[in-house]
Amino acid sequence: MNKDFLTVLDMSADEIRETFKIALDMKKDRSKYADVLKGQTLALIFEKPSLRTRTTFDVGIQQLGGFSIYLSPAEINLGKRESVYDVAKNLERMVQGIMIRTFAHQIVIDMGNWASIPIINGLTDYTHPCQAMADFLTLHEEKGDLKGLKLCYVGDGNNVAHSLMFAGARLGVDVTVACPQGYEPNLNAFRTAVEAAKESGATIEVVNDPKAGVKDADAVYTDVWASMGQEEEAKERDRIFRPYQVNEELMSHAKSDAIFLHCLPAHRGDEVTDAVIDAPYSKVFPEAENRLHAQKAVMYQLMN
Ligand code: CP
Ligand code: NVA
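Residues numbered from 1 in each chain as written. Chains lettered and ligands numbered in written order. Predicted model: local features only at pLDDT ≥ 70, side-chain atom pairs only at ≥ 80, totals over all residues. Heavy atoms only, no water.

1. Examining the packing of helix H6 (residues 129–143) against helix H7 (residues 159–171)
Stage number 1. Interaxial distance between H6 and H7 falls to 9 Å at its minimum, and their mutual angle equals 50°. Put simply, H6 runs oblique to H7. The two elements H6 and H7 cross, and the hand of that crossing is right-handed. Residues Pro129, Ala132, Asp135 and Phe136 of H6 pack against Ser163, Leu164, Ala167, Gly168 and Leu171 of H7.
Stage number 2. Looking at the contact of H6 with H7 residue by residue, the classes come out as six nonpolar, two polar and one charged. (Axes fitted to C-alpha atoms, helices over the stretch in contact; angles between N-to-C directions. Helix = DSSP H or I, 4+ residues; strand = E, 2+ residues; numbered from the N terminus. Parallel < 35°, antiparallel > 145°, perpendicular 65-115°, else oblique. Left-handed = near helix turned anticlockwise from the far one by under 90°. Contact = heavy atoms within 4.5 Å. Nonpolar A, V, L, I, M, F, W, Y, C, P; charged D, E, K, R; others polar.)

Below, the structure written as C-alpha coordinates:
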(Lines give C-alpha, C1' and ligand atoms only; values in the text may rest on other atoms or scores of the structure.)
(Ligands and ions follow the chains in the order given, each with its own letter.)
Protein backbone atom coordinates (compact mmCIF):
# COMPACT_ATOMS: atom_id res chain seq x y z
CA MET A 1 0.00 0.00 0.00
CA ASN A 2 1.34 3.45 -0.90
CA LYS A 3 1.91 5.85 2.00
CA ASP A 4 -0.41 8.41 0.39
CA PHE A 5 -3.78 8.35 -1.40
CA LEU A 6 -3.47 11.07 -4.02
CA THR A 7 -5.22 9.39 -6.94
CA VAL A 8 -7.20 6.15 -7.20
CA LEU A 9 -4.21 4.71 -9.09
CA ASP A 10 -2.23 4.83 -5.84
CA MET A 11 -4.06 1.60 -5.01
CA SER A 12 -3.91 -1.64 -6.99
CA ALA A 13 -7.18 -3.30 -8.00
CA ASP A 14 -6.77 -5.79 -5.13
CA GLU A 15 -6.12 -2.99 -2.64
CA ILE A 16 -9.26 -1.15 -3.77
CA ARG A 17 -11.35 -4.32 -3.49
CA GLU A 18 -9.91 -4.96 -0.01
CA THR A 19 -10.70 -1.36 0.98
CA PHE A 20 -14.30 -1.86 -0.21
CA LYS A 21 -14.58 -5.05 1.84
CA ILE A 22 -13.41 -3.20 4.95
CA ALA A 23 -15.75 -0.27 4.18
CA LEU A 24 -18.76 -2.58 3.92
CA ASP A 25 -17.77 -4.35 7.13
CA MET A 26 -17.46 -0.99 8.90
CA LYS A 27 -20.87 -0.02 7.53
CA LYS A 28 -22.38 -3.24 8.91
CA ASP A 29 -20.69 -3.17 12.31
CA ARG A 30 -19.32 0.22 13.36
CA SER A 31 -18.43 -0.89 16.90
CA LYS A 32 -15.90 -3.45 15.64
CA TYR A 33 -13.61 -0.62 14.47
CA ALA A 34 -14.24 1.86 17.31
CA ASP A 35 -10.62 1.82 18.57
CA VAL A 36 -8.51 1.04 15.52
CA LEU A 37 -7.12 4.59 15.23
CA LYS A 38 -7.30 5.33 18.96
CA GLY A 39 -5.54 8.54 19.89
CA GLN A 40 -4.53 9.39 16.30
CA THR A 41 -5.12 12.86 14.92
CA LEU A 42 -5.94 13.76 11.33
CA ALA A 43 -5.36 17.34 10.13
CA LEU A 44 -8.03 18.53 7.69
CA ILE A 45 -6.64 21.28 5.44
CA PHE A 46 -9.32 22.99 3.35
CA GLU A 47 -8.59 25.68 0.77
CA LYS A 48 -12.06 25.30 -0.75
CA PRO A 49 -15.52 24.88 0.81
CA SER A 50 -16.99 21.47 1.67
CA LEU A 51 -19.99 19.78 3.23
CA ARG A 52 -19.45 16.07 2.59
CA THR A 53 -15.67 15.81 2.71
CA ARG A 54 -15.32 17.78 5.92
CA THR A 55 -18.19 16.05 7.70
CA THR A 56 -17.29 12.51 6.65
CA PHE A 57 -13.60 12.82 7.54
CA ASP A 58 -14.41 14.49 10.84
CA VAL A 59 -17.07 11.94 11.81
CA GLY A 60 -15.08 9.09 10.26
CA ILE A 61 -11.89 9.59 12.29
CA GLN A 62 -13.97 9.94 15.48
CA GLN A 63 -15.74 6.66 14.73
CA LEU A 64 -12.33 4.99 14.47
CA GLY A 65 -11.25 6.34 17.87
CA GLY A 66 -9.25 9.34 16.65
CA PHE A 67 -9.61 13.10 16.42
CA SER A 68 -9.48 15.71 13.70
CA ILE A 69 -8.34 19.29 13.56
CA TYR A 70 -9.87 21.56 10.93
CA LEU A 71 -7.51 24.05 9.31
CA SER A 72 -9.22 26.60 7.07
CA PRO A 73 -7.48 29.01 4.66
CA ALA A 74 -7.71 31.60 7.45
CA GLU A 75 -5.38 29.51 9.66
CA ILE A 76 -2.81 28.25 7.18
CA ASN A 77 -3.03 30.36 4.01
CA LEU A 78 -0.97 27.63 2.37
CA GLY A 79 2.03 28.82 0.40
CA LYS A 80 1.50 32.45 1.43
CA ARG A 81 1.70 32.66 5.21
CA GLU A 82 3.97 29.63 5.15
CA SER A 83 5.45 27.39 2.45
CA VAL A 84 3.92 23.97 1.71
CA TYR A 85 7.25 22.43 2.72
CA ASP A 86 7.23 24.08 6.14
CA VAL A 87 3.59 23.14 6.74
CA ALA A 88 4.40 19.49 5.92
CA LYS A 89 7.48 19.51 8.17
CA ASN A 90 5.51 20.98 11.08
CA LEU A 91 2.41 18.82 10.82
CA GLU A 92 4.30 15.51 10.52
CA ARG A 93 5.51 16.11 14.10
CA MET A 94 2.04 16.90 15.43
CA VAL A 95 -0.52 14.66 13.71
CA GLN A 96 -0.61 11.15 12.22
CA GLY A 97 -2.26 11.98 8.90
CA ILE A 98 -3.25 14.91 6.67
CA MET A 99 -6.31 15.23 4.49
CA ILE A 100 -6.00 18.14 2.11
CA ARG A 101 -8.39 19.86 -0.31
CA THR A 102 -6.62 22.36 -2.51
CA PHE A 103 -6.26 23.74 -6.04
CA ALA A 104 -3.05 22.58 -7.76
CA HIS A 105 -2.49 18.81 -7.64
CA GLN A 106 1.25 19.45 -7.31
CA ILE A 107 0.61 20.66 -3.75
CA VAL A 108 -0.59 17.21 -2.60
CA ILE A 109 2.29 15.54 -4.44
CA ASP A 110 4.76 17.86 -2.68
CA MET A 111 3.09 17.25 0.69
CA GLY A 112 3.37 13.52 0.10
CA ASN A 113 7.06 13.79 -0.74
CA TRP A 114 7.91 16.04 2.17
CA ALA A 115 5.78 14.62 5.00
CA SER A 116 6.53 11.23 6.52
CA ILE A 117 2.84 10.72 7.43
CA PRO A 118 -0.01 9.67 5.07
CA ILE A 119 -1.51 12.38 2.84
CA ILE A 120 -5.08 11.88 1.65
CA ASN A 121 -6.33 13.93 -1.29
CA GLY A 122 -9.72 15.45 -0.44
CA LEU A 123 -9.97 17.04 -3.93
CA THR A 124 -7.59 18.91 -6.19
CA ASP A 125 -8.21 20.49 -9.58
CA TYR A 126 -6.96 17.18 -11.07
CA THR A 127 -8.63 14.42 -9.04
CA HIS A 128 -11.11 13.55 -6.30
CA PRO A 129 -10.15 9.98 -5.38
CA CYS A 130 -12.19 9.65 -2.16
CA GLN A 131 -15.26 10.52 -4.19
CA ALA A 132 -14.55 7.79 -6.74
CA MET A 133 -14.10 5.24 -3.95
CA ALA A 134 -17.57 6.08 -2.61
CA ASP A 135 -19.01 6.08 -6.14
CA PHE A 136 -17.74 2.64 -7.07
CA LEU A 137 -18.65 1.26 -3.64
CA THR A 138 -22.20 2.47 -4.32
CA LEU A 139 -22.15 0.97 -7.81
CA HIS A 140 -21.00 -2.33 -6.32
CA GLU A 141 -23.79 -2.28 -3.71
CA GLU A 142 -26.37 -1.55 -6.39
CA LYS A 143 -25.14 -3.81 -9.19
CA GLY A 144 -22.95 -6.49 -7.59
CA ASP A 145 -19.91 -7.56 -9.58
CA LEU A 146 -18.34 -4.45 -11.10
CA LYS A 147 -16.49 -6.07 -13.96
CA GLY A 148 -18.07 -5.35 -17.33
CA LEU A 149 -20.44 -2.63 -16.08
CA LYS A 150 -20.60 0.67 -17.96
CA LEU A 151 -20.64 4.11 -16.33
CA CYS A 152 -21.22 7.23 -18.40
CA TYR A 153 -20.13 10.56 -16.99
CA VAL A 154 -21.94 13.45 -18.71
CA GLY A 155 -20.55 16.97 -18.39
CA ASP A 156 -17.24 18.68 -17.73
CA GLY A 157 -14.06 16.58 -18.08
CA ASN A 158 -12.97 17.64 -14.60
CA ASN A 159 -11.40 16.26 -11.40
CA VAL A 160 -14.40 13.98 -10.77
CA ALA A 161 -14.35 12.67 -14.36
CA HIS A 162 -10.63 11.90 -14.02
CA SER A 163 -11.14 9.92 -10.82
CA LEU A 164 -13.99 7.92 -12.34
CA MET A 165 -11.78 7.03 -15.32
CA PHE A 166 -9.00 5.89 -12.97
CA ALA A 167 -11.34 3.81 -10.80
CA GLY A 168 -13.01 2.25 -13.85
CA ALA A 169 -9.60 1.45 -15.31
CA ARG A 170 -8.55 -0.35 -12.13
CA LEU A 171 -11.80 -2.20 -11.52
CA GLY A 172 -12.79 -3.22 -15.06
CA VAL A 173 -15.71 -0.81 -15.40
CA ASP A 174 -16.10 0.79 -18.84
CA VAL A 175 -16.16 4.56 -18.47
CA THR A 176 -17.45 6.89 -21.17
CA VAL A 177 -17.08 10.64 -20.69
CA ALA A 178 -19.61 12.61 -22.75
CA CYS A 179 -18.62 16.26 -22.88
CA PRO A 180 -18.68 19.31 -25.17
CA GLN A 181 -15.73 19.85 -27.46
CA GLY A 182 -13.02 21.74 -25.61
CA TYR A 183 -14.11 20.38 -22.20
CA GLU A 184 -12.64 16.90 -22.53
CA PRO A 185 -10.72 15.31 -19.66
CA ASN A 186 -7.08 16.32 -19.33
CA LEU A 187 -5.14 14.44 -22.02
CA ASN A 188 -2.57 13.17 -19.56
CA ALA A 189 -5.33 11.85 -17.27
CA PHE A 190 -7.03 10.15 -20.22
CA ARG A 191 -3.80 8.51 -21.39
CA THR A 192 -2.98 7.41 -17.85
CA ALA A 193 -6.43 5.83 -17.49
CA VAL A 194 -6.21 4.06 -20.86
CA GLU A 195 -2.79 2.66 -19.90
CA ALA A 196 -4.06 1.50 -16.49
CA ALA A 197 -7.13 -0.09 -18.10
CA LYS A 198 -4.96 -2.52 -20.07
CA GLU A 199 -4.74 -4.77 -17.02
CA SER A 200 -8.47 -4.87 -16.23
CA GLY A 201 -9.69 -4.76 -19.85
CA ALA A 202 -11.91 -1.73 -19.21
CA THR A 203 -12.72 0.62 -22.09
CA ILE A 204 -12.13 4.31 -21.37
CA GLU A 205 -13.56 6.62 -24.02
CA VAL A 206 -14.51 10.23 -24.60
CA VAL A 207 -17.42 11.23 -26.85
CA ASN A 208 -19.22 14.49 -27.59
CA ASP A 209 -22.74 13.10 -28.02
CA PRO A 210 -24.46 12.56 -24.63
CA LYS A 211 -27.15 10.22 -26.05
CA ALA A 212 -24.56 7.97 -27.66
CA GLY A 213 -22.52 8.15 -24.44
CA VAL A 214 -25.25 6.91 -22.10
CA LYS A 215 -26.31 4.05 -24.41
CA ASP A 216 -26.12 0.75 -22.48
CA ALA A 217 -24.92 2.54 -19.36
CA ASP A 218 -25.57 0.91 -15.97
CA ALA A 219 -24.89 4.23 -14.27
CA VAL A 220 -25.21 7.83 -15.48
CA TYR A 221 -23.12 10.36 -13.55
CA THR A 222 -22.86 14.11 -13.67
CA ASP A 223 -21.24 17.00 -11.78
CA VAL A 224 -21.50 20.79 -11.76
CA TRP A 225 -20.61 22.61 -14.98
CA ALA A 226 -18.32 25.09 -13.21
CA SER A 227 -16.08 23.67 -10.50
CA MET A 228 -14.77 25.53 -7.47
CA GLY A 229 -12.34 28.13 -8.78
CA GLN A 230 -14.15 28.47 -12.15
CA GLU A 231 -16.95 30.71 -10.89
CA GLU A 232 -16.20 33.49 -13.38
CA GLU A 233 -16.76 31.04 -16.29
CA ALA A 234 -20.16 29.95 -14.96
CA LYS A 235 -22.28 32.00 -17.37
CA GLU A 236 -20.47 30.83 -20.49
CA ARG A 237 -20.40 27.24 -19.28
CA ASP A 238 -24.13 27.38 -18.60
CA ARG A 239 -24.75 27.96 -22.31
CA ILE A 240 -22.21 25.39 -23.54
CA PHE A 241 -23.26 22.59 -21.19
CA ARG A 242 -27.07 23.04 -21.44
CA PRO A 243 -27.38 20.20 -24.08
CA TYR A 244 -25.59 17.94 -21.58
CA GLN A 245 -28.23 18.24 -18.86
CA VAL A 246 -29.13 14.85 -17.37
CA ASN A 247 -32.92 14.79 -17.62
CA GLU A 248 -35.51 12.03 -18.03
CA GLU A 249 -35.13 12.11 -21.81
CA LEU A 250 -31.38 11.48 -21.60
CA MET A 251 -31.86 8.79 -18.92
CA SER A 252 -34.25 6.97 -21.29
CA HIS A 253 -31.27 6.25 -23.56
CA ALA A 254 -29.38 4.41 -20.80
CA LYS A 255 -30.19 0.86 -19.65
CA SER A 256 -33.73 0.60 -18.26
CA ASP A 257 -32.34 -0.25 -14.80
CA ALA A 258 -29.58 2.41 -14.85
CA ILE A 259 -28.87 4.31 -11.64
CA PHE A 260 -28.05 8.02 -11.39
CA LEU A 261 -25.04 9.29 -9.44
CA HIS A 262 -23.71 12.78 -8.63
CA CYS A 263 -20.85 13.72 -6.32
CA LEU A 264 -22.88 16.71 -5.01
CA PRO A 265 -23.35 19.60 -4.47
CA ALA A 266 -25.87 19.60 -7.34
CA HIS A 267 -27.19 22.60 -9.18
CA ARG A 268 -30.74 21.39 -9.69
CA GLY A 269 -32.17 22.54 -13.00
CA ASP A 270 -28.72 22.87 -14.53
CA GLU A 271 -26.67 19.66 -14.88
CA VAL A 272 -29.55 17.55 -13.50
CA THR A 273 -33.30 17.99 -13.25
CA ASP A 274 -35.32 17.46 -10.06
CA ALA A 275 -37.13 14.59 -11.79
CA VAL A 276 -33.85 12.67 -12.18
CA ILE A 277 -32.10 13.48 -8.91
CA ASP A 278 -35.29 12.72 -6.93
CA ALA A 279 -36.16 9.56 -8.91
CA PRO A 280 -36.07 6.13 -7.22
CA TYR A 281 -33.11 5.21 -9.43
CA SER A 282 -31.10 8.16 -8.09
CA LYS A 283 -28.59 6.93 -5.50
CA VAL A 284 -26.98 10.26 -4.68
CA PHE A 285 -27.69 10.16 -0.95
CA PRO A 286 -26.50 6.57 -0.36
CA GLU A 287 -23.49 7.64 -2.45
CA ALA A 288 -22.87 10.63 -0.14
CA GLU A 289 -23.17 8.36 2.91
CA ASN A 290 -20.65 6.01 1.37
CA ARG A 291 -18.07 8.79 1.52
CA LEU A 292 -18.01 8.08 5.24
CA HIS A 293 -17.56 4.32 4.95
CA ALA A 294 -15.10 4.42 2.04
CA GLN A 295 -12.88 7.06 3.70
CA LYS A 296 -12.93 5.28 7.05
CA ALA A 297 -11.58 2.25 5.23
CA VAL A 298 -8.96 4.38 3.45
CA MET A 299 -7.84 5.91 6.79
CA TYR A 300 -7.73 2.44 8.35
CA GLN A 301 -5.59 1.15 5.48
CA LEU A 302 -3.14 4.07 5.62
CA MET A 303 -2.96 5.00 9.30
CA ASN A 304 -3.49 1.72 11.15
N1 CP B 1 -18.67 15.67 -3.14
C2 CP B 1 -17.96 16.45 -2.31
O3 CP B 1 -16.73 16.36 -2.24
O4 CP B 1 -18.69 17.33 -1.57
P5 CP B 1 -18.09 18.54 -0.72
O6 CP B 1 -17.48 19.50 -1.70
O7 CP B 1 -19.27 19.11 0.00
O8 CP B 1 -17.05 18.00 0.21
N1 NVA C 1 -15.90 19.26 -9.75
C2 NVA C 1 -16.39 19.81 -8.49
C3 NVA C 1 -16.53 18.72 -7.47
C4 NVA C 1 -17.08 19.16 -6.15
C5 NVA C 1 -17.16 18.06 -5.14
C6 NVA C 1 -15.43 20.87 -8.00
O7 NVA C 1 -14.21 20.68 -8.10
O8 NVA C 1 -15.89 21.92 -7.55
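There is more to say, and it comes next.
2. Some details on the nonpolar core
Stage number 1. By size, the foremost hydrophobic cluster in this structure holds 60 residues, and its most contacted members are Ile120, Phe136, Leu139, Leu151 and Met299.
Stage number 2. Looking at which element gives the most residues to this core, the answer is H7, with eight residues.
Stage number 3. Beyond its immediate stretch of four places on either side in the chain, Met299 contacts Leu37, Leu42, Phe57, Gly60, Ile61, Leu64, Ile120 and Asn304. (Core = buried A, V, L, I, M, F, W, Y, C linked by side-chain atoms within 4.5 Å. Buried < 20%, exposed > 50% of the residue type's maximum accessible area, 1.4 Å probe, protein only.)

3. Describing the site of ligand 1
Stage number 1. Ser50, Leu51, Arg52, Thr53, Arg101, His128, Gln131, Cys263, Leu264 and Arg291 make up every residue found near ligand 1.
Stage number 2. A distance of 2.6 Å is found between an oxygen atom of ligand 1 and a side-chain nitrogen or oxygen belonging to Ser50.
Stage number 3. Contact distances for ligand 1 include 2.8 Å between an oxygen atom and a side-chain N or O atom of Arg101.
Stage number 4. Compared with its free state, where it exposes 250 Å², ligand 1 has 95% of that area covered by protein.
Stage number 5. With respect to the detected pockets, ligand 1 is housed in the largest pocket.
Stage number 6. Among the residues forming the shell around ligand 1, the class breakdown is three nonpolar, four polar and three charged. (Near = heavy atom within 4 Å. Polar contact = N/O pair within 3.5 Å; in protein donor to acceptor, adjacent residues only side chain to side chain. Areas by Shrake-Rupley, 256 points an atom, 1.4 Å probe, with all protein chains shown as cover. 1 Å grid on protein atoms, 1.4 Å probe; cavity = no way out; pocket = protein on both sides within 12 Å on 5 of 7 lines; lining within 4 Å. Sits in = over half its atoms within 2 Å of the grid points.)

4. Digging into the packing of H6 against helix H13 (residues 284–303)
Working note: a packed helix pair is described by the angle between its axes plus the distance between those axes.
Stage number 1. With their axes 8 Å apart at the nearest point, H6 and H13 run at an angle of 115° to one another. Considered as vectors, H6 and H13 are oriented roughly perpendicular to each other. Seen along the crossing, H6 lies across H13 with a hand that is right-handed. Contact residues: H6 offers Cys130, Gln131, Met133, Ala134, Asp135, Leu137, Thr138 and Glu141, while H13 offers Pro286, Glu287, Asn290, Arg291, Ala294, Gln295 and Val298.
Stage number 2. Of the residues in the contact of H6 with H13, the class split is seven nonpolar, four polar and four charged.

5. Examining the sheet that holds strand S6 (residues 174–178)
Stage number 1. Judged by pairing direction, the sheet is parallel, and its five strands sit side by side in the order S7-S6-S5-S8-S9 without closing on themselves. Where the open sheet ends on each side, the last strands, each with one partner, are strand S7 (204–207) and strand S9 (259–262). With strand direction ignored, the average angle separating the axes of adjacent strands in the sheet is 20°.
Stage number 2. Of the strands in this sheet, strand S5 (150–154), strand S8 (219–222) and S9 are in contact with H6, which crosses S9 at around 165°. (Pairing = 2+ DSSP bridges.)

6. Concerning the sheet that holds strand S2 (residues 67–71)
Stage number 1. Taken in spatial order, the four strands line up as S2-S1-S3-S4 in an open sheet, and their pairing is parallel. The two strands at the open ends of the sheet, each matched to only one other strand, are S2 and strand S4 (119–121). For this sheet, the mean angle separating the axes of adjacent strands, direction not counted, is 20°.
Stage number 2. The pairing of strand S3 (residues 97–101) with S4 spans three bridges and is parallel. Directly across from Met99, in S4, lies its bridge partner Ile120.
Stage number 3. Across the face of the sheet, helix H2 (residues 52–63) comes into contact with strand S1 (41–46), S2, S3 and S4 while running at roughly 175° to S1.
Stage number 4. Contacts from helix H5 (residues 105–114) reach S1, S3 and S4 within the one sheet, and its direction differs from that of S4 by about 165°.

7. With respect to H2
Stage number 1. Across its twelve residues, H2 extends 16 Å between first and last C-alpha, which sits within 8% of the 16 Å expected from 1.5 Å per residue.
Stage number 2. Residues of H2 that are buried include every one of Arg52, Thr53, Thr56, Phe57, Gly60, Ile61 and Gln63, and no others. Angularly, the buried residues of H2 cover 155° about the axis, an arc narrow enough to put them on a single face.
Stage number 3. Packing partners of the buried residues in H2 comprise S1, S2, S3, S4, H6 and H13.
Stage number 4. Gly65, located one to two residues past H2, shows a positive phi value of around 100°. (Expected span 1.5 Å × (residues − 1). Arc of directions from axis to C-beta.)

8. A short note on the layout of surface pockets
A probe matching the size of a water molecule, rolled over the atoms, marks out where space remains unfilled.
Stage number 1. A volume near 510 Å³ is recorded for the largest pocket.
Stage number 2. For the largest pocket, the lining is made up of 29 residues, of which Val224, Ala226, Ser227, Met228 and Pro265 are closest to its centre.
Stage number 3. Listing elements by their share of the lining of the largest pocket, those giving two or more residues are H2, H7 and helix H10 (234–241).
Stage number 4. Residues of the lining of the largest pocket, tallied by class, amount to twelve nonpolar, seven polar and ten charged. (Points joined across faces, edges and corners; volume = space filled by probe spheres on them.)

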